[in-house]
Amino acid sequence: MEREVERRLTTILAADVAGYSRLMSEDEEGTLARLRQAREIIDRLIARHNGRVFGGAGDSVMAEFPSPVQAVRCAVQIQQELERFNADLPEARRMLFRIGINLGDVMVENGNLFGDGVNIADRLQGLAAAGEICIADGVYQQVRNKVPVGYERLGRYSVRHIAEPVLVYRVLARPEDVRPLRRALARLGGRSRTLALAGVVLLLAGGVAAWLWSGLLQKAPRPEDFAAIPDIAVPTRHFRVENPAELSEADALTIYDRIIDDMVAAYRKSGDPSAGTYYRWRRYNTVPYLSATHGRRYVNNYANARAGAYGLYGRAGTLPAGSILAKDAFEVTENGDVVTGPLTLMEKMEPGFNPEGRDWRYTMILPDGTLFGTTNGPGSGRVEFCQNCHIAAGDEHDHLFFIPKPYRVRFLNPGEGGD
Ligand code: HEC
């Protein structure tokens, strides 16, 4: 008779180093030495929280815990201790771990664990940004009232070979993650404030906006997201709008027409060939629209001729190598100042360039023309957050999100490309 496979319900923690291949290519020996030091911290904390390392290779660690509470506590401490460890290192040398935690049923063989429960933990880790922790809904339900940190609902994400999308939460354990939220929630008053101050569960508004990126969170000064930009480069002020709260579509278009030449002139300084030419490509949005995900700025989407299929939107399929998508941005502040935002680019490279990211190269150029980062190039780690979010669009959409329907230009000859 066949022996039944041993199974158990357990909490899986998956961790790996963000931008590890870049770190290795820049300084192999130093990176290995720092990885060893970081691993000592991690292994010690795992043991202290009754965890057990069962797998992992190179920069990755897989561990299991008897309880989700112990796993999340451990992860929070790991990130805190690593933050101190990294504080002494130059930015380009930092060992930032991404951590995912799942509660699930796994198969056990010779002390090793397999199955969906493990794969989901791995996917959650991939969704976490550098220095962050993402947990599955099952874990969240167990820890929300027991581990006093903030939790932000990120939304449902698909996992390869698993039918049901997984509901994902981000753990907000760093003071700078929580402070802006408290401030924002304090404005809401009453119940929310009590909740926030108690530091229990910071649940942001549901729906699509939260699924992608909460507007509130953008105020958090995290170096790797759009919000950090004003700290790095003071945007150019162009002119003032009378009634910023009641900006019409026509106003947005007029503003854009007035600033586009200056914007391009600044972006062009980056030396990126697309930065000076993108505005002559086909534009796919009818008017500048507010993008919740791209820093709450007004954005425009362009595609070069090679990327003409972009105009088929949901039916675009996989775009060919050489396709370039460009998205510029401007902001109208509460007091009516018009300031330019960053230029973001996605370029489809040759197969093998970035297999995990469907060979897209993400680039961000700051409003003053400084190159903020580009995948597998200067500042690569700084643009990892682009892929971490875009991957959620799924392989079938080639990691593209497209434009919200009301703003899409409908072409009679989509796919033929612009000029
Ligand atoms: C939190 C999610 C998120 C992050 C982070 C993000 N994007 Fe996007 N991106 C979107 C969404 C959603 C759209 C389409 C809707 C819109 O414009 O808001 C989009 C659209 C784009 C487009 C137009 C192509 C398309 O998918 O339709 C480009 C180019 C782009 N993003 C580049 C970047 C770059 C470069 C970064 C990093 C600097 C980045 N994005 C970070 C969510 C994100």
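The residue numbers shown here count from 1 along each chain, following its written sequence. Given that the model is predicted, a residue must reach a pLDDT of at least 70 before its local features are reported, and side-chain atom pairs must reach 80 or more before they are shown or counted; all residues, however, enter totals for whole chains, interfaces and linings.

## Considering the overall build of the protein chain
What counts, and what does not: Secondary structure elements follow DSSP: runs of H or I no shorter than four residues count as helices, runs of E no shorter than two count as strands, and numbering proceeds from the N terminus. Residues are treated as contacting if the C-beta atoms built from their backbones sit within 7 Å of each other.
Helix and strand counts for the protein chain come out as 11 helices and 17 strands. Within the protein chain, contacts between residues at least 6 apart in sequence are counted, and of these 62% link residues at least 24 apart.

## A few points about the site of the ligand
Selection rule: Placing a C-beta atom from the backbone of each residue, we mark the residue near a molecule or strand if the atom is within 6 Å of it. For this scheme, ten residues count as nonpolar: Ala, Val, Leu, Ile, Met, Phe, Trp, Tyr, Cys and Pro. Four count as charged, namely Asp, Glu, Lys and Arg, and the remainder, Gly too, count as polar.
Neighbouring the ligand are 24 residues, the closest being Ser291, Thr344, Cys386, Cys389 and Phe401. When contributions to the shell around the ligand are tallied by element, the ones reaching two or more residues are strand S12 (297-303), strand S13 (324-332), strand S15 (343-348), strand S16 (360-365) and helix H11 (384-390). If you tally residues by element for the shell around the ligand, the top one is H11, at 4 residues. For the shell around the ligand, the class distribution of residues is 16 nonpolar, 7 polar and 1 charged.

## Overview of the nonpolar core
In plain terms, the rule: Here a nonpolar core is just a set of buried residues of the types Ala, Val, Leu, Ile, Met, Phe, Trp, Tyr and Cys, joined wherever their C-beta atoms sit within 7 Å. Here a residue counts as buried when 20 or more other C-beta atoms sit within 10 Å of its C-beta, as exposed when there are 12 or fewer, and as partly exposed otherwise, the C-beta atoms being derived from the backbone.
Among the nonpolar cores identified, the biggest contains 56 residues, and Leu13, Ile101, Leu124 and Ile135 are the most heavily contacted of them. Those residues in contact with Ile135 that sit more than four places away from it in its chain are Val72, Ile101, Leu124, Tyr140, Tyr169 and Val171.

## Section: unusual backbone geometry
In this model, Tyr313 sits at a positive phi of 50°, which is unusual for a non-glycine residue. Tracing the backbone through its elements, the reader meets Tyr313 in the loop between S12 and S13. The class of Tyr313 is partly exposed, set by 17 C-beta atoms lying within 10 Å. A positive phi angle, near 50°, is found at Arg358, a position not held by glycine. Tracing the backbone through its elements, the reader meets Arg358 in the loop between S15 and S16. Take Arg358: there are 22 C-beta atoms within 10 Å of it, and that puts it in the buried class.

## Details of the packing of helix H2 (residues 28-48) against helix H3 (residues 68-87)
Any two packed helices are characterised by the angle at which their axes cross and by the distance between the axes. The cut-off we apply is this: Orientation is described by axes fitted as lines to C-alpha atoms, over the contacting stretch for helices, and by angles from 0 to 180 degrees between their N-to-C directions. An angle below 35 degrees is treated as roughly parallel, one above 145 as roughly antiparallel, one from 65 to 115 as roughly perpendicular, and anything else as oblique. Crossings are assigned a handedness: left-handed for a near helix turned anticlockwise from the far helix by less than a right angle, right-handed for a clockwise turn.
Between H2 and H3, whose axes approach to 10 Å, the crossing angle comes to 150°. In terms of orientation, H2 and H3 fall into the roughly antiparallel class. Between H2 and H3 lies a crossing of right-handed hand. Of the residues in H3, those in contact with Gln37, Ala38, Ile41, Ile42, Leu45 and Ile46 of H2 are Cys74, Gln77, Ile78, Glu81, Leu82 and Phe85. A breakdown of the residues in the contact of H2 with H3 according to their chemical character gives 9 nonpolar, 2 polar and 1 charged.

## Things to note about the environment of Tyr256
Along the chain, Tyr256 falls in helix H10 (residues 249-268). Taking C-alpha positions, Tyr256 is 8.0 Å from Phe330, a pair spaced 74 residues apart along the chain. Sequence-distant contacts of Tyr256, defined by excluding residues within four places in its chain, comprise Pro288, Asn300 and Phe330.

## Remarks on the pairing of S16
Here is the key point about a regular strand: its side chains alternate between the two faces of the sheet. To keep things clear, this is the line we draw: Any two strands with at least two DSSP-identified bridges between them are counted as paired.
The element S16 is extensively covered by neighbouring structure, given that 6 of its 6 residues are classed as buried. As defined by bridge partners, S15 adjoins S16 across 6 bridges and the pair is classed as antiparallel. Bridging from a neighbouring strand, Lys348 pairs with Trp360 of S16. Where S16 meets strand S17 (residues 371-374), 3 bridges bridge the pair, whose relative direction is antiparallel. Looking at S17, one finds that Met364 is bridged to Gly373. The turn joining S16 and S17, which pair antiparallel and follow one another in sequence, is formed by 5 residues; a positive phi near 90° is taken by Gly369.

## What to know about the environment of Leu154
Mapped onto the elements of the fold, Leu154 is located in strand S7 (residues 150-159). Residue Leu154 is classed as buried on the basis of its 23 C-beta neighbours within 10 Å. Along the primary structure Leu154 and Leu127 are separated by 27 residues, whereas in three dimensions their C-alpha atoms are 9.7 Å apart.

## A short note on the confidence of the model for the protein chain
The cut-off we apply is this: The predictor attaches a confidence to each residue, called pLDDT, with possible values from 0 through 100.
Per-chain confidence: the protein chain averages 82 in pLDDT, with 82% of residues scoring 70 or above. Overall, residues 178-224 carries pLDDT values under 50, and its contacts beyond four positions in sequence, including any with other chains, amount to 74 contacts.

## Quick word on the pairing of S15
With 6 of its 6 residues buried, S15 lies for the most part within the structure. Judged by which residues are buried, S15 turns out to be covered on both faces: Leu343, Leu345 and Glu347 on one side and Thr344, Met346 and Lys348 on the other are all buried. Note: S13 against S15, 4 bridges, orientation antiparallel. Its bridge partner lying in S15, Lys327 is registered against Thr344.

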